[in-house]
Amino acid sequence: MVHRVAVIGAGPSGLTSVKACLEEGMVPTCFESSDDMGGLWKFKEVSEPNRASIYRSLTINISKEMMCYSDFPIPANYPNYMHHSKILNYFRMYAEHFKLLQHIRFQTSVKTVRQRPDFSRTGQWEVVTENRDGVEEKHIFDAVMCCAGHYTYPNLPLKDFPGIDTFEGRYFHSWDYKGPEDMYGKRVVVIGIGNSGGDIAVETSRVAEQVYLSTRRGAWVIRQVSDNGLPVDMKYNTRFVHILFQLFPMNFFNWFGEKKLNAMYDHTMYAIKPKHRLFSQVPVINDDLPLKILSGAVIVKPNVKEIRGSTVVFNDGSVVEKVDTIVFATGYNYDFPFLPSSAMYRSGHRVGLYKHVFSPNLEHPTLAVVGFIHALGAIMPQAEMQARWVTRVFRGLKKLPSNQAMIKAVEMDTKSIEKNYIVSKLTPLQVDFVSYMDELAGEIGVRPSLPWLLFTDYPLFKRVLWGPLTAYQYRLMGPGKWDGARRAIFTQFDRMYQPLKTRQLDEEESSSTGRLIKLSLSIVAGGATVLYIHVRNPTAIPNFMSNLRLQMV
């Protein structure tokens, strides 16, 4: 029986893991190498080795309702897209509210995690830590939750850029970028068009003489501000949209999504059109980049061919001279140096974990990796769902399949990921946010039942189906049920609107035509839901109706 649990890291994944342990009656000890919680979201003026690092102006590209934990809404007056300082404040409120701080040992690094000699009998681990004074200490734990993140080890592929050793200016990885202060009047080349590369190109273009954004593959760029000014994730990350994705071919949605994006700014005309389809890779989220390209502040270039002194030569033969600074926004390597290599199963480009959490080749399921996931959605609710499932497995309330079955499932996952997404050594895995959340929720027993809600709570059914898929939905029923979940769902748009109500205006009443359209769409949605359930499980609706009749009798 698992009682004592080591949690490695006090970032967003570590905090929710500590809480999940406490909820299941276990005793967690969280080891945090820094002097504060927050992980990636704790800004520091100087980047620290082996730790995630962010820049001064960073604002999250996931809206607050879609990123918060399932039983602790972000304050209504907080902006929808929050600066890193407000995210850290939210984590502090969360930790204080659920009394997590007393379980965290700050400035304590984990050096090694090793199986005990009697692991085959006990499943226990020996964890060696080192405090700020360099004093090592050995601990025995029944289980370990690794929440160390994967933006820690910068990938700086200098060998792919011939002549970099001749460069006369300054070059560095985006991990070291803090702000544009050193870019005034400079000529800057940013290599990489991910979210960090896009942000840095936009910010430095405000002060630099010229910024060049070099990309090997291109990218689909979406806006945070969607139709009617809503956050894009609250508009489109819904169960109804997810159901449509199950019913229609992916090529249709690629065509439709790309057409919609190109209607805002033609990706070919802006020289950013990628080689892959829209839903094959997480897109770049940046509202400002198209305007910077249109105004000439940022010039898009292909991949760098070579560097000659202060001259950069691109693959198309074009040349930029007198370059002062090169920023490598070239992603991150991932590693778990403190874990035994025998505990890590390799599958394709990735560490093969059962449901992206459990090592499939251990005798006992007492080692879990939480937060090592990539989807078009926030890490907070995904890590929370993982932690809730992990702690129930630790307690013996959920049983994992055999090692052989888990390895088979991991290999099937790898094939599915490689088939549906663009993967590489740096981006080895990607999942569909809704499918993954629902899959884990099903394991825990907290997945909301649409048929049940349809017949028992239609107002809630509409919001669960049509509304944004916020984490509150996974507190409506089952283990860990939260009495405030229904109200949180009903008021999620109120919290979205609250920070925008800075000037009093008369609100227009909705017309009868608008109400009729909504009713028609509701009927269509209900039909689509019934069809989706019937296709996936033909016996579900007849069985449900039989149970409902029995309860009514």
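Residues numbered from 1 in each chain as written. Predicted model: local features only at pLDDT ≥ 70, side-chain atom pairs only at ≥ 80, totals over all residues. Heavy atoms only, no water.

Re the overall build of the protein chain
Okay, step 1: A count of helices and strands for the protein chain gives 18 helices and 22 strands.
Okay, step 2: Taken over C-alpha atoms, the radius of gyration comes to 25 Å for the protein chain, in line with the 24 Å a tight globule of 553 residues would show.
Okay, step 3: Here the protein chain, with 553 residues, has 52% of them falling under the buried criterion.
Okay, step 4: Taking contacts inside the protein chain between residues at least 6 apart in sequence as the whole, the part at least 24 apart equals 69%.
Okay, step 5: Just so you have it, the protein chain exposes about 25,800 Å², and 53% of that area is on carbon and sulfur atoms.
Okay, step 6: Each charge class in the protein chain was averaged separately, 64 positive and 53 negative side chains, and the resulting centres sit 5 Å apart. (Helix = DSSP H or I, 4+ residues; strand = E, 2+ residues; numbered from the N terminus. Rg over C-alpha atoms; globule rule 2.2 N^0.38 Å. Buried < 20%, exposed > 50% of the residue type's maximum accessible area, 1.4 Å probe, protein only. Contact = heavy atoms within 4.5 Å. Areas by Shrake-Rupley, 256 points an atom, 1.4 Å probe, with all protein chains shown as cover. Lys, Arg positive; Asp, Glu negative; His and termini not counted. Charge placed at Lys NZ, Arg CZ, Asp CG, Glu CD.)

With respect to the sheet that holds strand S14 (residues 298-301)
Okay, step 1: Here we have five strands laid out as an open sheet, ordered S9-S18-S10-S11-S14, and parallel in their pairing. Of all the strands in the sheet, the pair left with one neighbour each is strand S9 (170-173) and S14. Looking at each pair of strands side by side, their axes are set apart by 20 degrees on average, direction ignored.
Okay, step 2: For strand S10 (residues 187-191) and strand S11 (residues 210-214), the ladder comprises five bridges, and the chain directions are parallel. Considered in S11, the bridge of Arg187 is made with Gln210.
Okay, step 3: Sitting on the sheet, helix H5 (residues 195-205) is in contact with S10, S11, S14 and strand S18 (325-328), with an inclination near 170 degrees to S11. (Pairing = 2+ DSSP bridges. Axes fitted to C-alpha atoms, helices over the stretch in contact; angles between N-to-C directions.)

Points about the nonpolar core
Okay, step 1: Of all hydrophobic cores here, the largest spans 136 residues; its most connected members are Met67, Met145, Phe358 and Phe394.
Okay, step 2: Looking at this core, the element that brings in the most residues is helix H10 (residues 379-394), giving eight residues.
Okay, step 3: Among the nonpolar cores identified, the runner-up in size contains 14 residues, and Val189, Ile191, Ile307 and Val320 belong to it. (Core = buried A, V, L, I, M, F, W, Y, C linked by side-chain atoms within 4.5 Å.)

Looking at the environment of His84
Okay, step 1: By secondary structure assignment, the location of His84 is in helix H3 (residues 84-97).
Okay, step 2: Distance in space between the C-alpha atoms of His84 and Ser280 is 28 Å, their sequence separation being 196 residues.
Okay, step 3: Setting aside chain neighbours within four positions, we find His84 in contact with Trp41, Phe43, Ile54, Tyr55, Arg56 and Leu58.
Okay, step 4: At a separation of 2.9 Å, a polar atom in the side chain of His84 contacts the main-chain carbonyl oxygen of Arg56. (Polar contact = N/O pair within 3.5 Å; in protein donor to acceptor, adjacent residues only side chain to side chain.)

Considerations on the sheet that holds strand S16 (residues 311-314)
Okay, step 1: Pairing is antiparallel across the open sheet formed by three strands, whose spatial order is S15-S16-S17. Edge positions in the open sheet fall to strand S15 (304-308) and strand S17 (319-320), since each of these has one partner strand only.
Okay, step 2: Sheet analysis places S16 next to S17, joined by two bridges and oriented antiparallel. Looking across to S17, one finds that Val312 is bridged to Val320.

Comments concerning the pattern of salt bridges
Okay, step 1: All told, the structure shown has 29 salt bridges when counted by the stated rule.
Okay, step 2: For Arg395, the salt bridge identified is with Glu24, shortest N-O distance 2.8 Å. Residue Arg395 is found in the loop between H10 and helix H11 (403-420), and its partner Glu24 is found in the loop between helix H1 (12-23) and strand S2 (27-31); the two are separated by 371 residues along the sequence.
Okay, step 3: According to the relative accessible area criterion, Glu24 is buried, its value standing at 15%.
Okay, step 4: The shortest N-O distance in the salt bridge between Lys42 and Asp36 comes to 3.3 Å.
Okay, step 5: Since its relative accessible area comes to 11%, Asp36 is described here as buried.
Okay, step 6: Bridged by salt links that share partners, the residues Lys19, Glu23, Asp71, Glu384 and Arg475 form one connected network. (Salt bridge = Lys/Arg side-chain N within 4 Å of Asp/Glu carboxyl O.)

Looking at the packing of aromatic side chains
Okay, step 1: What the rule picks out here adds up to 30 aromatic pairs.
Okay, step 2: Between Phe493 and Tyr497, the ring centres sit 6.4 Å apart and the planes meet at 35 degrees, which makes this aromatic pair tilted. A residue pair is termed a helical-turn pair when its members lie 3 or 4 positions apart in one helix, as Phe493 and Tyr497 do in helix H16 (residues 492-497) at four residues.
Okay, step 3: Just above the ring of Phe98 sits the side chain of Lys19; from NZ or CZ to the centre is 4.6 Å.
Okay, step 4: A cation sits over an aromatic face here: Lys86 above Tyr78, 5.1 Å from the ring centre. (Phe/Tyr/Trp six-rings, centres within 6.5 Å; stacked < 30°, edge-to-face > 60°. Lys NZ or Arg CZ within 6 Å of the ring centre and 35° of its normal.)

Overview of the state of the cysteines
Okay, step 1: Counted under the stated rule, the structure contains zero disulfides.
Okay, step 2: Cys21 takes part in no disulfide bond, and the closest cysteine sulfur to it belongs to Cys147, at a distance of 8.6 Å.
Okay, step 3: Of all cysteine sulfurs, the one in Cys147 lies closest to Cys68, which takes part in no disulfide; the gap is 19 Å.
Okay, step 4: Residue class for Cys68 comes out buried when judged on its relative accessible area of 1%. (Disulfide = S-S within 2.5 Å.)

Notes on the pairing of S2
Okay, step 1: A large share of S2 lies buried, amounting to four of its five residues.
Okay, step 2: Relative to S2, strand S1 (residues 4-8) is paired through five bridges, and the arrangement is parallel. Each residue of the ladder has a partner; that of Arg4, found in S2, is Val27.
Okay, step 3: In this fold, S1 hands off to H1, which returns the chain to S2; that crossover is right-handed.
Okay, step 4: Two elements, S2 and strand S3 (residues 104-105), share two bridges in a ladder whose sense is parallel. The residue bridging Cys30 from the neighbouring strand is Ile104, located in S3. (Right-handed = clockwise from strand over helix to strand, strands pointing away.)

What to know about the side chain of Thr215
Okay, step 1: Of note, Thr215 is situated in the loop between S11 and strand S12 (221-222).
Okay, step 2: Taking the relative accessible area as the measure of exposure, Thr215 reaches 10% and is therefore buried.
Okay, step 3: At 2.7 Å, the side chain of Thr215 and the backbone nitrogen of Gly218 are in polar contact.
Okay, step 4: Ignoring anything within four residues of it in the chain, the contact list for Thr215 reads Ile193, Val300, Lys301, Pro302 and Asn303.

Looking at a nonpolar patch on the surface
Okay, step 1: Residues Leu247, Phe248, Phe252, Trp255 and Phe256 make up a contiguous nonpolar surface patch of roughly 500 Å² in combined accessible area.
Okay, step 2: A total of three residues in the nonpolar patch trace back to one element, the largest contributor, which is helix H8 (residues 250-264).
Okay, step 3: Along the chain, Phe252 falls in helix H8. (Patch = residues over 30% accessible without salt bridge, like charges linked within 9 Å, V, L, I, M, F, W, Y side chains within 5 Å.)

Regarding the packing of H10 against helix H12 (residues 433-444)
Okay, step 1: The N-to-C vectors of H10 and H12 enclose an angle of 25 degrees; their axes lie 9 Å apart at closest approach. Judged on the interaxial angle alone, H12 and H10 are roughly parallel. Here the hand of the crossing between H10 and H12 comes out left-handed. Contact residues: H10 offers Pro381, Gln382, Met385, Gln386, Arg388, Trp389 and Arg392, while H12 offers Phe433, Tyr436, Met437, Leu440, Ala441, Glu443 and Ile444.
Okay, step 2: Grouping the constituent residues of the contact of H10 with H12 by class yields nine nonpolar, two polar and three charged. (Parallel < 35°, antiparallel > 145°, perpendicular 65-115°, else oblique. Left-handed = near helix turned anticlockwise from the far one by under 90°. Nonpolar A, V, L, I, M, F, W, Y, C, P; charged D, E, K, R; others polar.)

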